[in-house]
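# Reading the structure
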Amino acid sequence: MRTAAVLGSLVLLPLLASPAAADLPQVRATVETQPNYDDEGADADDPAIWVNHARSDRSRVVGTLKNGGLAVFDLGGTQVQHFPTPPAPTPEAEAGRFNNVDIVQGARVGRRTLDLAVVSDRGRDRIRVYAIDRAGVLTDVTTATPPRAFSATETEVDEQRTAYGLTVVPDPDGGAPWVVVSRRHETRLGVFRLADDGAGRITYRRVDTVDLPATFAVPGGNWSPCAEPGEGPQVEGMVFDPTDGTLYAAQEDVGIWRISLRHGRFGKPALVDKVREFGRPAVYDDATEECSFTGPPSPAAGRYLTADAEGLTIAYGKRGEKQLLASSQGDSTFVTYDITRGNPKHTGGFTVASSSTVDGVQHSDGAAVVTTPLGRDYPHGLLVLHDGENTPGDRESTNFKFVRWDRVPGSIR
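Just so it is clear, the structure is predicted and the values come from calculations on it, not from any experiment. (Residues numbered from 1 in each chain as written. Predicted model: local features only at pLDDT ≥ 70, side-chain atom pairs only at ≥ 80, totals over all residues. Heavy atoms only, no water.)

## Quick word on the layout of surface pockets
Volume-wise, the second largest pocket comes out at about 760 Å³. Taken together, 34 residues line the second largest pocket, and the ones lying closest to its centre are Asp102, Ile103, Tyr316, Val369 and Val370. Of all the secondary-structure elements, those providing two or more residues to the lining of the second largest pocket are β6 (47-50), β10 (98-109), β14 (163-169), β20 (235-241), β27 (309-316) and β31 (367-370). (1 Å grid on protein atoms, 1.4 Å probe; cavity = no way out; pocket = protein on both sides within 12 Å on 5 of 7 lines; lining within 4 Å. Points joined across faces, edges and corners; volume = space filled by probe spheres on them. Helix = DSSP H or I, 4+ residues; strand = E, 2+ residues; numbered from the N terminus.)

## Here we look at the sheet that holds β6
The antiparallel open sheet is built from 4 strands, whose spatial order is β6-β7-β8-β9. Strands at the two margins of the open sheet, each flanked by one partner only, are β6 and β9 (79-83). Averaged over all adjacent pairs, the angle separating strand axes in this sheet is 20°, with direction ignored. With 4 bridges connecting them, β6 and strand β7 (residues 60-64) associate as antiparallel partners. Note that in β7 the partner of Trp50 across the bridge is Arg60. (Pairing = 2+ DSSP bridges. Axes fitted to C-alpha atoms, helices over the stretch in contact; angles between N-to-C directions.)

## Let's talk about the packing of aromatic side chains
Using the criterion set out here, one finds 9 aromatic pairs in the structure. Here the aromatic rings of Trp223 and Phe278 are separated by 4.8 Å at their centres, their planes lie at 55°, and the arrangement is tilted. Of this pair, Trp223 sits in strand β19 (residues 221-223) while Phe278 is found in the loop between β24 (270-274) and β25 (282-285), placing the two residues 55 residues apart along the sequence. Judged on exposure class, the residue Trp223 and its partner Phe278 are both buried. Ring geometry for Phe334 and Phe350: centres 5.3 Å apart, planes at 20°, overall stacked. Of this pair, Phe334 sits in strand β29 (residues 333-338) while Phe350 sits in strand β30 (residues 345-353), and the two are 16 residues apart along the sequence. Take Phe350: its relative accessible area is 0%, and that puts it in the buried class. Over the face of the ring belonging to Trp178 we find Arg193, whose NZ or CZ atom lies 4.0 Å from the ring centre. Taking NZ or CZ as reference, Arg395 lies 3.9 Å from the ring centre of Tyr37, over its face. (Phe/Tyr/Trp six-rings, centres within 6.5 Å; stacked < 30°, edge-to-face > 60°. Buried < 20%, exposed > 50% of the residue type's maximum accessible area, 1.4 Å probe, protein only. Lys NZ or Arg CZ within 6 Å of the ring centre and 35° of its normal.)

## Points about the sheet that holds strand β16 (residues 188-196)
A sheet is described by the order of its strands in space; here 4 strands give the open sequence β14-β15-β16-β17, paired in antiparallel fashion. The open sheet has two edge strands with one neighbour each: β14 and β17 (202-211). Strand-to-strand twist across the sheet, computed as the mean angle between neighbouring axes with direction ignored, equals 25°.

## Quick notes on unusual backbone geometry
Residue Asp308 is bonded to the preceding Ala307 through a cis peptide linkage, with omega at 5°. Looking along the chain, the bond that leaves Thr391 and enters Pro392 is cis, with omega of -5°. On the secondary structure map, Pro392 appears in the loop between β32 (382-390) and β33 (397-404). Unlike most non-glycine residues, Asp125 shows phi in positive territory, near 60°. At Ser332, a residue that is not glycine, the phi angle is positive and equals roughly 55°.

## Brief notes about the pattern of salt bridges
Counted under the stated rule, the structure contains 24 salt bridges. In this structure, Glu40 and Arg395 form a salt bridge, with 3.0 Å as the shortest nitrogen-oxygen distance. On the criterion of sequence distance, the pair formed by Glu40 in the loop between β5 (36-37) and β6 and Arg395 in the loop between β32 and β33 is long-range, its members being 355 residues apart. In this structure, the salt-bridge partner of Asp57 is Arg55, at a minimum N-O distance of 3.4 Å. (Salt bridge = Lys/Arg side-chain N within 4 Å of Asp/Glu carboxyl O.)

## Re the pairing of β14
Among the 7 residues of β14, 7 are classified as buried, and the element is accordingly described as predominantly covered. Pairing between β14 and strand β15 (residues 178-183): 5 bridges, direction antiparallel. Looking across to β15, one finds that Thr167 is bridged to Val180.

## Examining the pairing of strand β28 (residues 322-328)
With 7 of 7 residues buried, β28 is to be regarded as a mostly interior element. Side chains Lys322, Leu324, Ala326 and Ser328 of β28 all project onto a buried face; the interleaved residues Gln323, Leu325 and Ser327 project onto the opposite face, where all are buried too. As defined by bridge partners, β27 adjoins β28 across 6 bridges and the pair is classed as antiparallel. Directly across from Leu312, in β28, lies its bridge partner Ala326. With 6 bridges joining them, β28 and β29 adopt antiparallel strand pairing. What sits directly across from Ala326, in β29, is Val335.

## Remarks on the state of the cysteines
Should the sulfur atoms of two cysteines be covalently bonded, the bond is a disulfide. Summed over all chains, the structure comprises 1 disulfide. Between the sulfur of Cys226 and that of Cys291 lies a disulfide, 2.1 Å long from S to S. What sets the handedness of the Cys226 and Cys291 disulfide is the S-S torsion sign, and at about -85° it is left-handed. In this pair, Cys226 is assigned in the loop between β19 and β20 and Cys291 in strand β26 (residues 290-293), connecting sequence segments 65 residues apart. Under the relative-accessibility criterion, Cys226 is labelled buried at 11%. (Disulfide = S-S within 2.5 Å.)

Structure, rendered in structure tokens:
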């Protein structure tokens, strides 16, 4: 029996073996992290990779666990550090909830040069910052009173239209990095500049915003993604390409945007791929709190992504090649694009199947890749993926899967 999987605001029946997934090559993970149980408040979501340039085999993977905080893993998948989320400031308020994480190395903030892990705190509408030392040990360096990212008041924070997706943007001139953050249930993206707070910790200020469309022209009229009333088509997965100053942002029920981002200012967004559900009419049922399709697929729809469009990451080759990976969450596949010359060109994709020791990946939210050799276990780099349906077990759980990059079909090196 199939059960409904909630993807963003649209509720769909999961595809047991969609034509797209069935035709794609398979790869298998070699390592997985411990299971995280939602009924215990931990839910894995988004990974990032810190490269130890002195001892690459001692690099680290950092992953968000939502209400479960932030976890740090070695390359064997063993948890070596953990940070809880901030507590609720009052009994009625929301506690911290860590959604996305990204890493920047060699960032200049004030008078210091630091490696940093930057996290979106969806529960408190804040950005949190962790310094990473030479051994890969994290320390919380967030300012004592971090400002709200989007909410005007603390009461608005509790409505949870808060900091959601996140990616770091290095400064090409060697200054403090920027951070792009999306707003939950909105189409808004904000750019924030990190800064020293004068007390040896790190704060931030918002310097620009852009609002992506919520309504689109399609054959026969206009179309908006189906959602609960009052909620817009949000962005979560994002990645920045510093080689040409481009932000890629996955609007979950829409597709992938390409946006120029220079010196903390957004350029004009361009929609470069769409989900298969793009343009298809659907309605929201208040009784069931679900959306259901009311018409056939649109001729304006995309071909490769099944909503939600989720985690984005970029692999860099030795000869200037660049490969964008996107999680097609609705059919548990990963789509690859060549972005060497700018606009993405679809090149294929893959699924992550089960092996005798590690199960496969389903409904992935987040992804991170590096093509740097990380010791003998990852001689050509590492791909880390969130697994939304970790098995086996008699309780629902999530975790992260580690994949040798050279075993990914079509991978560049």
